[in-house]
Amino acid sequence: MVFYDVHTHKFLSDENVLQIENKYPNSVNFSSPFSIGIHPWFINKNTYNKELLIVEDKLQHANCYAIGECGLDKLKGVALELQKEVFLKQVELSEKYKKPLIIHCVKAYQEIIALKKELQPKQFWMLHGFNKNIQLAKSLIDHNFMLSFGELVLKNKKIEETLRQINLSSILIETDDSDVNVKDIYQKIADIRNLKVAILQNQIKQNFKRIFTK
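Residues numbered from 1 in each chain as written. Predicted model: local features only at pLDDT ≥ 70, side-chain atom pairs only at ≥ 80, totals over all residues. Heavy atoms only, no water.

**Some points on helix α6 (residues 182-192)**
Stage number 1. Looking only at α6, the buried set comprises Val182, Ile185, Tyr186, Ile189, Ala190 and Ile192. Within α6, the buried residues cover an arc of 160° as seen down the axis, which keeps them to one side.
Stage number 2. Close packing links the buried residues of α6 with β1 (3-8), β2 (17-23), β7 (145-149), α5 (157-165), β8 (171-173) and α7 (197-211).
Stage number 3. Capping the start of α6 is the job of one residue whose side-chain oxygen sits 2.9 Å from the backbone nitrogen of lysine 183: asparagine 181.
Stage number 4. Downstream of α6 by one or two residues, asparagine 194 has phi in the positive range, about 55°. (Buried < 20%, exposed > 50% of the residue type's maximum accessible area, 1.4 Å probe, protein only. Helix = DSSP H or I, 4+ residues; strand = E, 2+ residues; numbered from the N terminus. Arc of directions from axis to C-beta. Contact = heavy atoms within 4.5 Å. Polar contact = N/O pair within 3.5 Å; in protein donor to acceptor, adjacent residues only side chain to side chain.)

Right, here's the structure in full:
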């Protein structure tokens, strides 16, 4: 059975793993499944409109599964208002091309929730690299976010507690920019939930098929 890795920066040649590789407007290889977006760290006020045209073009590529990563980061990047402007333009593209959003969020969860409530998007919004407490997880799930968990599952007790309590229909699994094998993350989550890995794989497959419709 396939292991789904919904957000990675490192391509792995493994027939048992389906990866969505993160791409940028200046990327050149789109021969395997990918997402593309303008990361809040890399917004340039002089070039982002041109880059959005590239993103829009690539969203129509047969291998494109999602838009992102994009989002809001209060600790790094350009001014938050410009981040928000670029994020909203990518939300528009998400809706236009019916692609889910892969979201980078640092200390801006309430802003992201407020935008979702205001915009009422039809496409799924997925928060990647989620590593927060159960209270925030439940709030996000109540607002129909998907939460993607990565390598910190292997070493963070707080995330273990979150994973014990949330519904597995709301999660996805990723490796991001780590060197960890995605299969190890599946094994850890299965152990936390006292499940066989195959049962977790089946649940993630259902989640993936529901969100990444092609």
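**Thoughts on the packing of helix α2 (residues 80-97) against helix α3 (residues 109-119)**
The description of two packed helices rests on the angle between their axes and on the distance between the axes.
Stage number 1. Two elements in contact, α2 and α3, have axes separated by 13 Å at closest approach and are oriented at 40°. When the axis of α2 is compared with that of α3, the two are oblique. At the point where α2 passes α3, the crossing takes the right-handed sense. Every residue of α3 that contacts α2 at Lys84, Phe87, Leu88 and Val91 is listed here: Ile112, Leu115 and Leu119.
Stage number 2. In terms of residue class, the contact of α2 with α3 is built from six nonpolar, no polar and one charged. (Axes fitted to C-alpha atoms, helices over the stretch in contact; angles between N-to-C directions. Parallel < 35°, antiparallel > 145°, perpendicular 65-115°, else oblique. Left-handed = near helix turned anticlockwise from the far one by under 90°. Nonpolar A, V, L, I, M, F, W, Y, C, P; charged D, E, K, R; others polar.)

**Describing the sheet that holds strand β4 (residues 64-73)**
Stage number 1. Here eight strands make up an open sheet; going across it, the order is β1-β2-β3-β4-β5-β6-β7-β8 and the pairing parallel. This sheet does not close on itself; its edge strands, each paired only once, are β1 and β8. Averaged over neighbouring strand pairs, the angle between their axes works out to 30° when direction is ignored.
Stage number 2. In the packing of α2 onto the sheet, the strands contacted are β4, β5 (101-106) and β6 (125-127), and the crossing angle to β4 comes to about 160°.
Stage number 3. Across the sheet, α3 lies against β4, β5, β6 and β7, angled at about 170° from β6, the strand it touches most. (Pairing = 2+ DSSP bridges.)

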